[in-house]
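Geometric and topological summary
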Amino acid sequence: MANAASGMAVEDECKLKFLELKAKRNYRFIIFKIHEQQVVVDKLGGPGETYQDFTAALPANECRYAVFDFDFTTDENCQKSKIFFIAWAPDGSRVRSKMVYASSKDRFKRELDGIQVELQATDPSEMSFDIIKARAY
């Protein structure tokens, strides 16, 4: 279903894969891209993949949306998990692409029920592992 404001549809597979990440933990991360006026799944990261695998899977000069399931242990020694939504808009990407991703982000994010932390990044330093850890606690 397309949003009148952004004209962007969200492929059902996006929601299904997100639910699998959230409920079944089948994936560590999902990277989404906008293709022909709709948001589609670009890459899936298996449960054994790391944050470094995730950041390496993001294209250097193209915008993407991504979700990452971050597992961590609290100071009280409790196992926890937080689902991050990351809007990746590298400085080297095309201006038009940045505009389309920015205008469609909130609509797409609403389709993914269960996002706990949102992050926007224009270069890898803005989403370093230390930043992810700090935002999770």
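A few points on the structure. Please read these numbers as outputs of a predicted model, since none were measured by experiment.

Definitions and cut-offs
Residues numbered from 1 in each chain as written. Predicted model: local features only at pLDDT ≥ 70, side-chain atom pairs only at ≥ 80, totals over all residues. Heavy atoms only, no water. Helix = DSSP H or I, 4+ residues; strand = E, 2+ residues; numbered from the N terminus. Buried < 20%, exposed > 50% of the residue type's maximum accessible area, 1.4 Å probe, protein only. Expected span 1.5 Å × (residues − 1). Arc of directions from axis to C-beta.

This part takes up unusual backbone geometry. With phi around 65°, Q37 is a residue other than glycine that occupies positive phi space. For Q37, the location among the structural elements is in the loop between β2 (29–35) and β3 (38–45). Residue N77 is not a glycine yet carries a positive backbone phi of 65°. By the element assignment, N77 lies in the loop between β4 (64–73) and β5 (79–88). Under the relative-accessibility criterion, N77 is labelled exposed at 64%.

This part is about helix α1 (residues 12–24). Between its first and last C-alpha atoms α1 spans 17 Å; for 13 residues at 1.5 Å apiece the expected length is 18 Å, and the two agree. For α1, the complete set of buried residues consists of C14, K17, F18, E20 and L21. Here the buried residues of α1 occupy an arc of 155° about the axis, which is enough to place them on one side. Facing away from the buried side of α1, by more than 90 degrees, are the exposed residues D12, L16, A23 and K24.

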